[in-house]
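Spelled out, the chains give:
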Amino acid sequence: MSAGQVLGANIRAFREQRGLSLSELARRSSIAKGTLSQLESGSGNPTIETVFSLSNALDVPVSELVTERTVPDVVLVRARDVEVLSSNAVDLRLMRRMDVGDTVLEIYDQRVRPGATQTSEGHPGREHVLVTSGQLRVGPVEGPYELGPGDYVCFPGSVPHLYETVGGEVSSVLVLEYPKH
């Protein structure tokens with residue numbers, strides 16, 4: 001299945017599992033009903049904000065929405081095969097989802113473009129960021145940290161937070177850690 005078809009099937013499955021109509025999910029996520037209908041049909045081009053809004057509205061980790069469930073012994077992910085979720089400042093590619101005990105870990109390849117700031121009002125769990133190139137300002141809006149190559153920070157995802165470059169493009173690894181539902 002394509003990434004859009006996987007997302008659509010997962011949205012529909014979680015919505016129906018929770019007994020929600022399209023209208024109710026639209027209200028909870030602040031996403032137009034028509035847009036949700038397009039996403040469920042496997043068409044449309046969701047942004048990071050859209051996927052995170054749906055994640056919050058359905059009370060599931062992002063990875064539950066964007067990945068097919070498989071249990072292989074070896075996992076090989078080619079960058080060219082992973083669809084990019086984009087916003088005004090960030091490009092994310094979900095490389096792997098892991099269920100570890102009562103925790104879900106999502107590993108993303110993250111690129112932050114200069115000249116814009118990505119903000120989040122917050123979501124469940126913690127964010128772990130490891131910068132591989134460039135200078136990144138990241139963390140709680142009230143007190144972000146400036147990271148360079150090799151620097152790492154972990155902060156609660158539940159607080160309003162931001163991502164912005166200090167200069168040119170930034171490459172980093174983002175790990176989202178959620179309690180399993």
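Residues numbered from 1 in each chain as written. Predicted model: local features only at pLDDT ≥ 70, side-chain atom pairs only at ≥ 80, totals over all residues. Heavy atoms only, no water.

Turning our eyes to something else, we now look at the nonpolar core. Counting residues in each nonpolar core, the largest one holds 40 residues, and the members touching the most others are Leu65 and Val129. Sort the elements by how many residues they give to this core and helix α4 (residues 48-58) lands first, with six residues. When near neighbours in sequence (up to four residues on either side) are disregarded, valine 129 contacts Gln110, Leu136, Val138, Leu147, Asp151, Tyr152, Val153, Phe155, Tyr163, Ser172, Val173 and Leu174. (Core = buried A, V, L, I, M, F, W, Y, C linked by side-chain atoms within 4.5 Å. Buried < 20%, exposed > 50% of the residue type's maximum accessible area, 1.4 Å probe, protein only. Helix = DSSP H or I, 4+ residues; strand = E, 2+ residues; numbered from the N terminus. Contact = heavy atoms within 4.5 Å.)

Hydrogen bonds between backbone groups are what pair the strands of a sheet, and the pairing can be parallel or antiparallel. If you trace the four strands from one edge of the open sheet to the other, you get β4-β9-β6-β7, paired in antiparallel fashion. A single partner strand is all that each edge strand has here, and the edge strands are β4 (117-120) and β7 (145-147). Ignoring strand direction, the axes of neighbouring strands in this sheet form an average angle of 15 degrees. The pairing of β4 with strand β9 (residues 161-165) spans four bridges and is classified as antiparallel. Counted as the bridge partner of threonine 119 is leucine 162 from β9. (Pairing = 2+ DSSP bridges. Axes fitted to C-alpha atoms, helices over the stretch in contact; angles between N-to-C directions.)

Any two side chains of opposite charge can pair, on the condition that their charged atoms come close. Applying the stated criterion across every chain yields a total of twelve salt bridges. Residues participating in the shared-partner salt-bridge network are Glu64, Arg97, Asp99 and Lys180. (Salt bridge = Lys/Arg side-chain N within 4 Å of Asp/Glu carboxyl O.)

Before going further, it helps to spend a moment on the environment of glutamine 17. Its place among the elements puts glutamine 17 in helix α1 (residues 3-17). Judged by its relative accessible area of 60%, glutamine 17 falls in the exposed class. Counting along the chain gives 40 residues from glutamine 17 to alanine 57, while the straight-line C-alpha distance between them is 13 Å. A polar atom in the side chain of glutamine 17 sits 3.0 Å from the side chain of arginine 18. (Polar contact = N/O pair within 3.5 Å; in protein donor to acceptor, adjacent residues only side chain to side chain.)

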